[in-house]
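# Coordinate inspection notes
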Amino acid sequence: INLDSKKNICYILRELNDNYSKIRVRKCNAKGEFLKEFSFDGALPDGGDLGGDMTSLLIDEQDNFYLFGGNSSFYRLNYLKFSADGKVLKHDENPEHLLVQRTFFNSKGEIVVNGLVDGGGLNIYSAIFIFDKDMNIKSRQYYNDKPFYLISAITENSDGSYNMFINYLANHNPGFIF
């Protein structure tokens, strides 16, 4: 859920009878009255499937929409950008196994994507990807030296660095570490 420049509420919706590749975003006013729905076929030109689980929605100052998620079968990083009038500007799938947890714009206007990487078996760790607004990946940071850690929150400092709050996932009583 996010707000556009006019304070309209926008959210990702998945109908029970939607096919796997269907991507929907609905817009309503502050009173919750329906205004518009954007609907996309998430199939990629190469036959890949961009649909699945779009879990994060960002909206920039020009009311462009940025959706991030994953193919729930393979946890591939999927992303879609479209304009305020619904024109698709970019959609793609990245073969990296990143299960998106949260996204936000940093102070430079870049998109920060945090998620969990499934490296196979018990090889699970966190990662942070930085995208520009054209949806190009600028950098990747993997935290595979700390297996079984899951980033639960990120804050940005005035110098552009980040604080990560992480949970340890190796037992049934996760601990909180800063």
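Residues numbered from 1 in each chain as written. Predicted model: local features only at pLDDT ≥ 70, side-chain atom pairs only at ≥ 80, totals over all residues. Heavy atoms only, no water.

### Here we look at the overall build of the protein
Just so we agree on the cut-off: A helix here means a DSSP run of H or I that spans at least four residues, while a strand means a run of E at least two residues long, and both kinds are numbered starting from the N terminus. Contact definition: two residues touch when any of their heavy atoms are within 4.5 Å.
A count of helices and strands for the protein gives zero helices and 15 strands. In the protein, of all internal contacts separated by at least 6 residues, the share reaching a separation of at least 24 is 34%.

### Focus on the sheet that holds strand β9 (residues 98–105)
Sheets are built from strands paired through backbone hydrogen bonds, the pairs being either parallel or antiparallel. The test is simple: By definition, two strands form a pair when at least two bridges between them are found by DSSP. Axis angles are defined between N-to-C directions and span 0 to 180 degrees, where every axis is a line fitted to C-alpha atoms and, for a helix, only to the segment in contact.
In spatial order, the strands read β9-β10-β11-β12; together these four strands make up an open sheet with antiparallel pairing. One side of each edge strand has no neighbouring strand; the edge strands of this open sheet are β9 and β12 (137–143). Along the sheet, successive strands turn relative to each other by an average axial angle of 20°, direction set aside. Inspection of the sheet shows β9 paired to strand β10 (residues 111–118) by seven bridges, in the antiparallel sense. Note that in β10 the partner of R102 across the bridge is N114.

### Quick look at the packing of aromatic side chains
This is how it is decided: In this analysis, rings of Phe, Tyr and Trp, with Trp reduced to its six-membered ring, are considered paired at centre separations within 6.5 Å, and the interplanar angle assigns stacked below 30 degrees, edge-to-face beyond 60, and tilted for intermediate values.
Enumeration over the complete set of coordinates arrives at nine aromatic pairs. Both rings, one in F38 and one in F65, keep their centres 5.4 Å apart while their planes meet at 55°; by these two values the pair is tilted. Of this pair, F38 sits in strand β4 (residues 34–41) while F65 sits in strand β6 (residues 65–70), and the two are 27 residues apart along the sequence. The interplanar angle of 50° and the centroid separation of 5.0 Å between the aromatic rings of F38 and F82 together place this pair among those described as tilted.

### A short note on unusual backbone geometry
Stated formally: In this scheme, a residue with accessible area under 20% of its type's maximum is buried, one over 50% is exposed, and one in between is partly exposed, where area comes from a 1.4 Å probe on protein chains only.
The phi dihedral of K7 falls on the positive side, at around 70°, and the residue is not glycine. Checked against the element boundaries, K7 lands in the loop between β1 (2–3) and β2 (9–13). Despite not being glycine, M135 has its phi angle at roughly 70°, a positive value. Within the fold, M135 resides in the loop between β11 (124–131) and β12. M135 sits in the buried class, given a relative accessible area of 1%.

### Quick notes on the state of the cysteines
What counts is decided by this rule: Disulfides are defined as cysteine sulfur pairs within 2.5 Å.
Tallying each qualifying case throughout the model produces zero disulfides. Free of any disulfide, C10 has its nearest neighbouring cysteine sulfur in C28, separated by 7.6 Å. The exposure class of C10 is buried, given its relative accessible area of 0%.

### Considerations on the pairing of β10
A large share of β10 lies buried, amounting to seven of its eight residues. In this structure, the hairpin formed by β9 and β10 is closed by a connection of five residues, where G109 is found at a positive phi of approximately 85°. Summarising the sheet, β10 and β11 pair through eight bridges and their orientation is antiparallel. Bridge pairing in β11 places V112 opposite I130.

### What about the side chain of T103?
Note that T103 resides in strand β9. Setting aside anything within four residues of it in sequence, one finds T103 in contact with S56, L57, L58, F68, V112 and V113.

### Overview of the environment of I124
Looking at the element boundaries, I124 is found in strand β11. Once the C-alpha coordinates of I124 and N144 are considered, the two residues, 20 residues apart in sequence, prove to be 7.6 Å apart.

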